[in-house]
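One letter stands for each residue in the lines below.
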Amino acid sequence: MKKYDIIGDIHGYAEELKALLIELGYTCNANGVYVPPEQDRQDRQAVFTGDYIDRGKENFEVIDIVRNMVQAGHAKAIMGNHDLNASLYHTPHPVTSKPLRKHNDKNTHQHQTFLDELDLKPEKGIKNIEWLKSLPVCLEIGGLRFVHALWDTPSLNCLRKSGILRNDNTVDPDRWHDLEWQPRAPEQTQEFKAIELLTKGFEIKLPLGITFKDADGNIRKKARLKWWVNLEKPDLMLHEVVLDVPPNVIPNIPASDEIKEQIRKLQEMEGDMVFFGHYWQKGEFPTVENKKFLCIDQSVAKDGHLAAATVTIDNGVIQDMSFTSVKSRPPHGRAAQASVA
């Protein structure tokens, strides 16, 4: 049997990450590497679902912890949208030398805590960026699948067929410029749209006249779609299938048949259970709404929790799953645990 500790978005909160690993039974050895408990060290790994940076102020320490665990064979890690954004922000176009992600106020603000550390330790910052660029966008291990926002097979096929993704699902170092954001939406390449879907998920247009401000104060006319929602629930309402929109913004109107059909298409995937982060969920522990998909992001950067799902799997079948979480600062709370039958 294999055991995986699946950890959601960390966003530069190193103290919470260390507290969570300790609560899971990991210890920090003489080389500064967090290792699983000795009794199951050979058959246990952590899996990080992306977004190691931005918002918190311990970006470099988070990268050190995760990278050391990966290099020692005690963890796997994939790329989140903030890791993708940083990779593009710090990579110049091979012809124009302009950054592949604009250095405008919005993008810089989102990335500011990393930039602050980069100013203090530029050489280490460059190495950290190169590590972020080396991460795969998805993983399939032990009968489980991992992606940051949405497992979408057509998008993966698009990136693989174009050669942008290599066999290990990392971006070809010579192809980053093919993921550059273009100034007008119709000009976006299929490859750009594909990697955005995998790392940022699917968005829907809100009804005419409905807008909201996101966490960074930007006005939004679109909202992230909660694509893993349980479609069997009767009388599904619009506010139950969109994310980040304040409750008072959306009136009590039913989710349209068009939206339900879009969700149904996104859920039509064969194969193993998918674990992902990205979506700023509330509460101490992840909520199991759909047995095939589980979001593991409990909003550590929004006074929430850093959470892990510990999954025991045998011959591709999940035997047990439990949750552990720590409260974000301030105040730094004690860890809590829960089990799922």
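Let me sum up the structure you'll find in this document. (Residues numbered from 1 in each chain as written. Predicted model: local features only at pLDDT ≥ 70, side-chain atom pairs only at ≥ 80, totals over all residues. Heavy atoms only, no water.)

Think of an α-helix as 3.6 residues a turn; residues three or four steps apart then line up on the same face. Residues of helix H7 (residues 153-162) that are buried include every one of Ser155, Leu156 and Leu159, and no others. Projection of H7 onto a plane perpendicular to its axis shows the buried side chains occupying an angular sector of 100°, all on one side. Turned more than 90 degrees from where H7 packs its buried face, Pro154 and Lys161 sit exposed. Summarising the contacts, the buried residues of H7 are in contact with strand S6 (138-141) and helix H8 (190-200). The first or second residue beyond H7 is Gly163, which carries a positive phi of 90°. (Buried < 20%, exposed > 50% of the residue type's maximum accessible area, 1.4 Å probe, protein only. Helix = DSSP H or I, 4+ residues; strand = E, 2+ residues; numbered from the N terminus. Arc of directions from axis to C-beta. Contact = heavy atoms within 4.5 Å.)

The backbone of His11 shows a phi angle near 50°, a positive value even though the residue is not glycine. Along the polypeptide, His11 turns up in the loop between strand S1 (2-7) and helix H1 (14-23). Among the residues examined, His11 registers a relative accessible area of 2% and is labelled buried. The residue Asp303 is not glycine, and still its phi comes out positive at about 60°. Its relative accessible area of 47% is what places Asp303 among the partly exposed residues.

Scanning the entire structure with this criterion turns up ten aromatic pairs. With a centroid separation of 5.0 Å and 65° between ring planes, the pair formed by Trp228 and Phe276 is classed as edge-to-face. Taken as a pair, Trp228 in the loop between strand S11 (222-225) and strand S12 (242-243) and Phe276 in strand S13 (residues 273-276) lie far apart in primary sequence, 48 residues in all. When sorted by exposure, Trp228 lands in the same class as Phe276, which is buried. A connected cluster of aromatic rings, assembled from ring pairs, spans Trp227, Trp228, Phe276, Tyr279 and Phe293. Arg145 extends its terminal NZ or CZ atom over the ring of Trp151, reaching a point 5.0 Å from the ring centre. Against the face of Trp280 rests Lys302, its NZ or CZ located 4.3 Å from the ring centre. (Phe/Tyr/Trp six-rings, centres within 6.5 Å; stacked < 30°, edge-to-face > 60°. Lys NZ or Arg CZ within 6 Å of the ring centre and 35° of its normal.)

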